[in-house]
Amino acid sequence: MSAAGEVLEFGAGVPLSEQGPAPTRVVAGFGFWLFLLSDIILFSALFAAYAVLSGASADGPTAAELFDKKHVFLETLCLLASSVTCGFGALAVVRSDSRALYLWMIATLVLGAAFLRLEASEFARMVAAGAGPSHSAFLSAFFALVGTHGLHVTLGLAWLVIMLLQAATLGFQPMVARRFFCFALFWHALDIVWIGVFTIVYLGAH
Amino acid sequence: MHPQSVPQGRAPGVDSHEAHPGRSYLIGLAWALLLTLASFWAASTHSVYAPAVPVLLAVLAIAQMGVHLAFFLHISSAPDQANNFLALLFGLFISGLVVFGSLVIMTNLNHMMMPMDQLMQMQR
């Protein structure tokens with residue numbers, strides 16, 4: 001009952017049903033949140049495939065032999081730090097503080113690129129050692145899951161560059177602020193997916 | 001919370017603590033670092049009973065996902081977040097069905113499958 005009462009109190013006593021349509025910021029945020037959840041369902045299918053196939057190494061290298069925990073720890077730190085700098089960047093958008101925005105978002109860009117660099121070097125090392133995606137079902141599932149995450153990070157970085165150009169040319173319009181805000185949601189969601197990746201793929205290997 | 005600023009719910013990611021807007025990210029970072037370090041420690045230590053390690057890792061990962069949702073995405077079960085929270089629960093429900101359903105079915109099929117050498121003999 002108290003929860004319903006609180007909902008009615010928003011908008012200074014006007015009932016929820018009489019407040020008109022929700023602001024675009026709320027609608028856009030909710031729509032993007034639904035997209036992120038559908039993206040997480042896509043990843044859950046890849047996680048399921050990996051969990052089923054992780055033992056099917058076809059007498060090739062197994063998960064325990066291939067992965068370097070220190071390398072993964074560095075990748076995790078890069079992505080976590082970039083998630084935090086991205087949050088501070090989103091706060092700079094709220095304050096319309098362009099200097100802080102460029103500072104934090106370029107830090108996000110650099111940390112995201114460092115993550116991709118580490119991941120690319122790991123993939124290159126594995127392929128060079130003959131553990132490419134075509135070697136076994138385990139490696140196919142690994143490259144599909146981790147590669148899809150890396151592809152998301154790559155697309156996120158491209159989106160961030162476009163957003164920085166928009167901030168430079170269009171300024172802090174509501175439209176630009178909304179897009180920054182959706183980008184921040186996207187970036188945080190990728191970090192959540194990475195928690196699943198490093199726990200199941202890298203730490204779960206034994 | 002200012003009543004006029006949230007006329008109809010809140011978009012996911014919007015912080016309600018206006019006094020110290022950056023604080024939730026720092027708290028989230030501290031928790032996330034702690035849980036990440038605990039995960040990597042649990043995976044490499046021998047002081048935890050070995051069969052319990054996967055369970056411990058799962059608990060730490062779920063806790064860290066919760067930390068990210070609460071402190072970075074600012075999702076909560078507050079009344080003005082009902083839509084976001086219900087969508088999250090539905091997403092988790094579908095993800096759970098996909099992952100656990102696949103695992104149960106594939107384990108079962110694996111269990112039921114005839115050993116490969118017998119299968120090869122039948123094909124001859």
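Criteria and cut-off values
Residues numbered from 1 in each chain as written. Chains lettered and ligands numbered in written order. Predicted model: local features only at pLDDT ≥ 70, side-chain atom pairs only at ≥ 80, totals over all residues. Helix = DSSP H or I, 4+ residues; strand = E, 2+ residues; numbered from the N terminus. Buried ≥ 20, exposed ≤ 12 C-beta atoms within 10 Å, placed from the backbone. Contact = placed C-beta atoms within 7 Å. Expected span 1.5 Å × (residues − 1). Axes fitted to C-alpha atoms, helices over the stretch in contact; angles between N-to-C directions. Parallel < 35°, antiparallel > 145°, perpendicular 65-115°, else oblique. Nonpolar A, V, L, I, M, F, W, Y, C, P; charged D, E, K, R; others polar. Left-handed = near helix turned anticlockwise from the far one by under 90°. Core = buried A, V, L, I, M, F, W, Y, C linked by C-beta atoms within 7 Å. pLDDT = per-residue confidence, 0-100.

## A word on the overall build of chain B
Right, so step 1: Looking only at helices and strands, chain B has four helices and zero strands in total.
Right, so step 2: N-terminal to C-terminal, the α/β element order of chain B is α-α-α-α.
Right, so step 3: Among the 124 residues that make up chain B, the fraction classed as buried is 27%.
Right, so step 4: Partitioning the intrachain contacts of chain B with sequence separation of at least 6 by distance along the chain shows that 58% fall at a separation of at least 24.

## Looking at the overall build of chain A
Right, so step 1: Assigned secondary structure in chain A consists of seven helices and zero strands.
Right, so step 2: Its helices and strands taken in sequence order, chain A reads α-α-α-α-α-α-α from the N to the C terminus.
Right, so step 3: Across its three principal directions, the C-alpha atoms of chain A cover 70 × 45 × 25 Å.
Right, so step 4: Burial status across chain A gives 38% buried among its 206 residues.
Right, so step 5: Contacts in chain A between residues at least 24 apart in sequence constitute 80% of all its contacts with a sequence separation of at least 6.

## So, helix α5 (residues 98–128) of chain A
Residues and elements named next belong to chain A.
Right, so step 1: Given a rise of 1.5 Å per residue, 31 residues ought to cover 45 Å, and the 44 Å separating the end C-alpha atoms of α5 matches this to within 8%.
Right, so step 2: Those residues of α5 not exposed but buried are Leu101, Trp104, Met105, Thr108, Leu111, Gly112, Phe115 and Glu119.
Right, so step 3: Looking at the buried side of α5, the elements it contacts are α4 (69–94) and α6 (137–170).
Right, so step 4: A positive backbone phi angle near 85 degrees is found at Gly130, which sits one or two residues after α5.

## Examining the packing of helix α1 (residues 23–44) of chain B against helix α2 (residues 53–72) of chain B
Residue and element names in this part refer to chain B.
Right, so step 1: The geometry of α1 relative to α2 is characterised by a closest axis approach of 9 Å and an angle of 170 degrees between their N-to-C directions. One finds that α1 runs roughly antiparallel with respect to α2. Across the interface between the two elements, Ser24, Tyr25, Ile27, Gly28, Trp31, Ala32, Leu35, Thr36, Ala38, Ser39, Ala42 and Ala43 of α1 pack against Val53, Leu56, Leu57, Leu60, Ala61, Ala63, Gln64, Val67, His68, Phe71 and Phe72 of α2.

## Focus: helix α3 (residues 82–112) of chain B
Right, so step 1: Spanning 31 residues, α3(B) covers 44 Å between terminal C-alpha atoms, matching the ideal 45 Å at 1.5 Å per step.
Right, so step 2: Turning to α3(B), its buried residues are B:Asn84, B:Leu88, B:Ser95 and B:Val99.
Right, so step 3: The elements touched by buried residues of α3(B) are α2 (24–53) of chain A.

## What about the interface of chain B and chain A?
Right, so step 1: Each side of the interface is counted separately: chain B has 42 residues, and chain A has 46 residues.
Right, so step 2: For the side of chain B that touches chain A, the element with the highest residue contribution is α3(B), accounting for 12 residues.
Right, so step 3: Counted by class, the side of chain B that touches chain A contains 25 nonpolar, 15 polar and two charged residues.

## Thoughts on the environment of B:His74
Right, so step 1: Tracing the backbone through its elements, the reader meets B:His74 in the loop between α2 and α3.
Right, so step 2: Along the backbone, B:His74 and B:Leu26 are 48 residues apart, and their C-alpha atoms lie at a distance of 13 Å.

## Some details on unusual backbone geometry
Right, so step 1: One non-glycine residue with positive phi stands out, namely A:Asp59, at about 60 degrees.
Right, so step 2: Mapped onto the fold, A:Asp59 is located in the loop between α2 and α3 (63–66).

## Examining the packing of α4(A) against helix α7 (residues 174–203) of chain A
All names here are of chain A.
Right, so step 1: One can describe the packing of α4 onto α7 by two numbers: an axis separation of 10 Å at closest approach and a directional angle of 160 degrees. Classified by the interaxial angle, the pair formed by α4 and α7 is roughly antiparallel. Between α4 and α7 the crossing geometry is left-handed. For the pair α4 and α7, contact is made by Lys69, Val72, Thr76, Leu79, Leu80, Ser83, Cys86, Gly87, Ala90 and Val93 and by Ala177, Phe180, Phe181, Ala184, Trp187, His188, Asp191, Trp194, Phe198 and Tyr202, respectively.
Right, so step 2: Considering only residue class, the contact of α4 with α7 consists of 14 nonpolar, four polar and two charged.

## A closer look at the nonpolar core
Right, so step 1: Formed by 74 residues in total, the largest nonpolar core has its most connected members in A:Phe47, A:Tyr50, A:Leu145, A:Leu185 and A:Val201.
Right, so step 2: Taken together, the elements giving at least two residues each to this core come down to α2, α4, α5, α6 and α7 of chain A together with α1, α2 and α3 of chain B.
Right, so step 3: Among the elements that line this core, the one with the most residues is α7(A), at 19 residues.
Right, so step 4: Non-local contacts of A:Val201, meaning those with residues more than four positions away in its chain, are made with A:Tyr50, A:Phe142, A:Leu145 and A:Val146.

## Regarding the environment of A:Pro174
Right, so step 1: If you trace the backbone, A:Pro174 turns up in helix α7.
Right, so step 2: When the C-alpha positions of A:Pro174 and A:Val94 are compared, they lie 9.9 Å apart, and in sequence the two are 80 residues distant.

## Observations concerning the confidence of the model for chain B
Residues and elements named next belong to chain B.
Right, so step 1: Per-residue pLDDT for chain B has a mean of 85; in total, 89% of the residues score no lower than 70.
Right, so step 2: When the elements of chain B are averaged for pLDDT, helix α4 (residues 116–123) gives the smallest value, 80, and α2 the largest, 94.
Right, so step 3: Segment residues 1–6: pLDDT under 50, and nine contacts once partners within four positions in sequence are set aside and those in other chains are kept.
Right, so step 4: The ipTM assigned to the predicted complex is 0.84, against a pTM of 0.87.

## A word on the environment of B:Leu57
Right, so step 1: Topologically, B:Leu57 is positioned in helix α2.
Right, so step 2: For the pair formed by B:Leu57 and B:Ala43, sequence separation is 14 residues and the distance between their alpha carbons is 7.5 Å.
Right, so step 3: Excluding residues that lie within four positions of it along the chain, B:Leu57 makes contacts with A:Thr199, A:Leu203, A:Gly204, B:Ser39, B:Ala42 and B:Ala43.

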